[in-house]
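Letter by letter, the chains look like this.
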Amino acid sequence: MNVLSIALFVLFVAFVLGISFYFAGRAKSASGYYAAGGRIHWGINGIAFAGDYLSAASFLGICGMIATAGYDGFLYSIGYLAGWIVALFIVAEPLKRLGKYTFTDALDANYNHRGIKLMAAISTLLVSVCYLIPQMVGAGVLVTPLLGLPHAVGVVLVGLIVITIVATAGMTSTTYVQFIKGALLLIFSLVLVAVVLTRGLSTKPDQGGRVPFRTYQTLAATEAAGGLVLEDGSWQIAAVREAKGLRFVKLLRDGRESWWKAEKDATTGAVKLLESQFTAKLADGTQTVNGAPASKENQLATVGNMEAIAGKTGDEAATGSLNPFKFLSTIGDPRSRIKLWKNASFDDNGGRVTVYYPVFAAGNKVLRPGQRFKVEGTATDRIDFLSLMLALFLGTAALPHILIRYYTVPSPAAARKSTIVAIAAIGFFYILTLFMGLGAMTNGTVNLLDDNMSAPLLARSFGTFLFSMISAIAFATVLGTVSGLIIAASGAVAHDLLDRYAKIIKNDKQKVAAGKVVAFAVGALAIVLGILFKGVNVTFLVGLAFAVAASANLPSIVMMLFWKRTTARGITASIFVGVTSSIGLILFSPTMFELYGKDPLTAPFPLKNPGIVSIPLSFLTLIVVSLLSRAKAAKGTAPAV
Amino acid sequence: MLHEPAAKSGPDPAFLFKRRLGAWMFILYALVYAGFVVLNLVRPGSMETIVFGGLNLAVVYGFGLIIFALILALIYSQACGRREKRLRAAGAEGGRT
């Protein structure tokens with residue numbers, strides 16, 4: 001924690017709150033509160049789109065995933081951007097033409113059906129909450145290094161600020177917060193990439209002299225009848241454990257223990273032990289890090305470096321400044337060798353140990369899919385990859401907080417233009433994510449406990465100012481996205497449910513008041529969930545939110561626009577099936593089983609991403625129910641549809 | 001109740017043109033995107049192929065998808081804007097006669 005970080009943080013928060021209070025007067029009517037009066041300029045709206053969309057998942061999560069899994073993290077960038085094509089070509093103008101304040105308005109415009117209002121509002125709420133979780137987790141992640149506060153305090157802080165933003169001036173203040181944040185994010189990400197390229201690559205990154213490079217040892221051993229025998233007699237073997245099909249060895253020297261990963265050469269039979277880092281929860285409940293009690297000073301060291309750069313090692317490998325193409329081609333060179341880190345947990349002496357061990361990957365393997373998504377794995381692995389890419393492509397145009405931004409501009413043409421500005425800004429940012437992620441991977445700035453911190457830690461390797469700016473912008477990133485999500489949820493309850501479904505709203509003033517009350521409630525829920533989901537990669541969580549949105553909302557939007565036989569019942573059933581199937585499949589997926597503390601292999605649904613099942617199922621439901629309800633109406637056994 | 005639009009817009013004579021163009025451009029992009037996904041699944045090794053400037057197919061295709069999206073978006077916007085302008089002018093002329 002330092003004075004500059006705190007000053008910038010306070011300045012940002014004060015500025016954001018200032019904007020909210022300034023615009024408070026414009027949010028007296030429902031139109032002003034939910035749609036900024038439909039008067040936002042398309043250019044500002046386009047950057048606000050970027051501010052809304054480039055959430056904690058995009059900035060923190062993607063950079064973190066690229067830093068730990070290489071190109072696989074960039075797949076999210078590609079998928080997230082591709083989704084805007086669906087938004088522009090299919091959704092933007094019709095939605096603007098049909099809708100008023102919420103996505104439900106557009107869907108229900110030609111039907112005026114209570115079922116659609118109810119289901120679409122519930123779907124909006126659920127998708128917003130799914131999307132809120134990773135944003136709040138990201139907030140907690142940021143506040144810890146920035147202000148030295150615990151994760152939970154960060155989450156509460158964001159929750160309170162966002163509730164204030166939304167409750168004071170609704171969509172107007174949210175729009176300007178997102179505009180400013182979007183612009184700053186683009187500018188400072190570009191600055192970060194520029195300094196990464198200027199620094200270049202080396203095999204011993206020392207963060208510009210700020211953090212000495214840590215060398216990890218390798219010990220030679222032989223396999224004997226009684227077990228392993230170390231060549232260096234100063235070490236003693238205290239235990240051998242197996243996890244994930246790997247062998248880990250506990251060594252003792254000078255009374256201090258350490259864990260090493262054993263690797264056996266298949267041809268020579270020689271064994272080498274790779275020094276690892278580890279955390280342990282001892283039987284008495286004590287937490288240790290690398291064999292000493294955990295404390296603020298004793299934490300896992302940040303990692304990430306290249307062992308060989310285009311075949312060169314040692315001092316001669318340092319490249320100096322690189323242009324963007326050379327940077328990528330050098331890392332992706334087959335002769336480059338990158339040290340990545342994985343982890344495994346097992347029981348030891350009544351306690352639980354997690355070992356963080358190095359693995360080495362050739363550059364050409366890091367800069368293509370495969371580190372995380374097993375495209376060369378089993379059929380299930382491949383289908384999972386396909387499922388993820390499908391959900392990312394179809395999810396964007398179905399996200400309620402993105403869809404409502406089409407109502408803030410004055411015309412369908414402005415909606416179209418603002419989408420194009422958004423594609424340009426977001427596409428540019430996503431290209432930068434590859435450089436930021438790889439920069440973190442090769443500059444020793446990956447936090448083993450939380451890869452979400454990779455981009456801010458990369459910035460810190462260039463000094464306090466850049467770190468403080470990037471962290472403050474990342475914090476604003478969370479504020480902007482969470483504000484949009486809360487507005488979407490607020491509209492779903494106050495406008496769709498209370499006004500249009502239950503018809504209990506009597507006037508404009510009541511609708512605004514109801515929206516503000518809902519903003520408080522959703523903000524409080526977001527705080528609780530943000531604390532509960534601490535430590536999960538935020539991009540992964542957002543990927544799941546995309547799957548729910550794509551399954552629940554997109555089939556209805558597309559079919560309503562392009563299939564004349566679509567009926568209100570078909571839409572209602574499709575949303576219901578989309579929501580329940582996607583969330584149901586997620587709850588029974590390997591990822592959730594891991595979170596439950598169960599063996600992921602026992603999960604009834606084998607895929608981590610449900611989209612490939614739930615999206616077609618939702619489409620199919622709409623078609624079948626629409627045809628059936630039309631047939632019934634034709635026979636006169638059901639009301640006309 | 002209270003179901004008024006946030007901002008009212010008039011009739012759009014270019015609506016059908018825009019919808020058709022949007023659908024075709026969507027299909028075009030979806031095919032290129034699907035090609036990327038399928039290539040990764042069917043021939044993942046091909047992603048390591050150096051295409052130009054030392055960059056492999058994974059990077060070039062990935063960046064290409066992002067840039068292609070922007071190019072299509074600009075073409076779409078240009079085409080829609082031109083058609084709207086022409087139809088508006090034709091409408092105004094029709095109104096005068």
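Residues numbered from 1 in each chain as written. Chains lettered and ligands numbered in written order. Predicted model: local features only at pLDDT ≥ 70, side-chain atom pairs only at ≥ 80, totals over all residues.

**So, the overall build of chain A**
For chain A, the helix and strand inventory stands at 21 helices and 12 strands. Relative to the compact-globule value of 26 Å for 641 residues, chain A shows a C-alpha radius of gyration of 26 Å, a close match. Considered along the principal axes of its C-alpha atoms, chain A spans approximately 85 × 55 × 50 Å. When each of the 641 residues of chain A is scored for burial, the buried share is 58%. Residue pairs in contact within chain A that sit at least 24 positions apart in sequence constitute 75% of those at least 6 positions apart. (Helix = DSSP H or I, 4+ residues; strand = E, 2+ residues; numbered from the N terminus. Rg over C-alpha atoms; globule rule 2.2 N^0.38 Å. Buried ≥ 20, exposed ≤ 12 C-beta atoms within 10 Å, placed from the backbone. Contact = placed C-beta atoms within 7 Å.)

**A short note on the overall build of chain B**
A tally of helices and strands in chain B yields 2 helices and 2 strands. Reading chain B from its N end, one meets helices and strands in the order α-β-β-α. When the 97 residues of chain B are sorted by exposure, 27% land in the buried category. Within chain B, contacts between residues separated by at least 24 positions form 64% of all contacts whose residues are at least 6 apart in sequence.

**As for the environment of Thr-419 of chain A**
Residue and element names in this part refer to chain A. Position of Thr-419 relative to the elements: it lies in helix 13 (residues 412-442). The spacing of Thr-419 and Glu-93 is 326 residues in sequence and 9.9 Å in space, taken between C-alpha atoms. Among all residues touching Thr-419, those that are not within four sequence positions of it are Trp-84, Ala-87, Leu-88 and Ala-92.

**Regarding the confidence of the model for chain B**
Residue and element names in this part refer to chain B. Averaged over all residues, the pLDDT of chain B equals 84, while 84% of them reach at least 70. Element-level mean pLDDT values for chain B span from 87 in helix 2 (residues 57-96) up to 94 in strand 2 (residues 55-56). When the criterion is pLDDT under 50, residues 1-6 qualifies, and its contacts beyond four places in sequence or with other chains add up to 18 contacts. Here the predicted complex carries an ipTM of 0.87, next to a pTM of 0.88. (pLDDT = per-residue confidence, 0-100.)

**Some remarks on the sheet that holds strand 5 (residues 256-264) of chain A**
All names here are of chain A. Spatial ordering of the open sheet is given by 2-1-6-5-4-3, a layout of 6 strands whose pairing is antiparallel. Single-partner strands in this sheet number two, and they are strand 2 (227-230) and strand 3 (236-243). On average, adjacent strands in this sheet sit at an angle of 35° to one another, irrespective of strand direction. (Pairing = 2+ DSSP bridges. Axes fitted to C-alpha atoms, helices over the stretch in contact; angles between N-to-C directions.)

**Considering the sheet that holds strand 7 (residues 277-281) of chain A**
Residue and element names in this part refer to chain A. The strand order across the open sheet formed by 6 strands is 9-8-7-12-11-10, and the pairing between neighbours is antiparallel. The open sheet has two free edges, formed respectively by strand 9 (292-293) and strand 10 (305-308), since each of these has just one partner strand. The sheet contact formed by strand 8 (residues 287-289) and strand 9 spans 2 bridges and is antiparallel. Within strand 9, the residue paired with Thr-288 across the bridge is Pro-293.

**Focus: the nonpolar core**
One broad trend across soluble globular proteins is that nonpolar side chains are buried collectively. Ile-426 and Leu-479 of chain A together with Ala-69 of chain B are the most contacted members of the largest nonpolar core, which totals 238 residues. Here this core gathers at least three residues from each of two domains, domain 1 (3-11 + 38-200 + 375-635) and domain 2 (218-303 + 333-366) of chain A. Sequence-distant contacts of Leu-479 of chain A, defined by excluding residues within four places in its chain, comprise Val-16, Val-158, Ile-161, Val-162, Ile-165 and Val-177 of chain A. (Core = buried A, V, L, I, M, F, W, Y, C linked by C-beta atoms within 7 Å. Domains from an automatic or database assignment.)

**Here's the deal with the interface of chain B and chain A**
Listed by partner, the interface residues are 41 residues for chain B and 55 residues for chain A. Elements with a contribution of two residues or more to the side of chain B that touches chain A: helix 1 (15-42), strand 2 and helix 2 of chain B. Looking at the side of chain B that touches chain A element by element, the count peaks at 15 residues for helix 2 of chain B.

**A few points about the domain arrangement of chain A**
All names here are of chain A. Domain assignment breaks chain A into domain 1 (3-11 + 38-200 + 375-635) and domain 2 (218-303 + 333-366). Distance between the C-alpha centres of domain 1 and domain 2: 38 Å. Facing the 11 residues of domain 1 at the interface are 9 residues of domain 2. Partitioned by chemical class, the residues of the side of domain 1 that touches domain 2 number 6 nonpolar, 5 polar and no charged. (Nonpolar A, V, L, I, M, F, W, Y, C, P; charged D, E, K, R; others polar.)

**Topic: unusual backbone geometry**
Residues and elements named next belong to chain A. Located in the positive-phi region is Asp-254, a residue other than glycine, with phi close to 55°. With a phi close to 55°, Asn-349 is a non-glycine residue in the positive phi region. Within the element layout of this structure, Asn-349 appears in the loop between strand 11 (337-348) and strand 12 (351-362). Among the residues examined, Asn-349 registers 12 C-beta atoms within 10 Å and is labelled exposed.

**What about the pairing of strand 7 of chain A?**
All names here are of chain A. Judged by how many residues are buried, strand 7 sits mostly within the fold: 4 of 5 residues are covered. Two elements, strand 7 and strand 8, share 3 bridges in a ladder whose sense is antiparallel. Looking at strand 8, one finds that Lys-281 is bridged to Gln-287. Joining the antiparallel neighbours strand 7 and strand 8 is a turn of 5 residues, in which Gly-285 adopts a positive phi near 95°.

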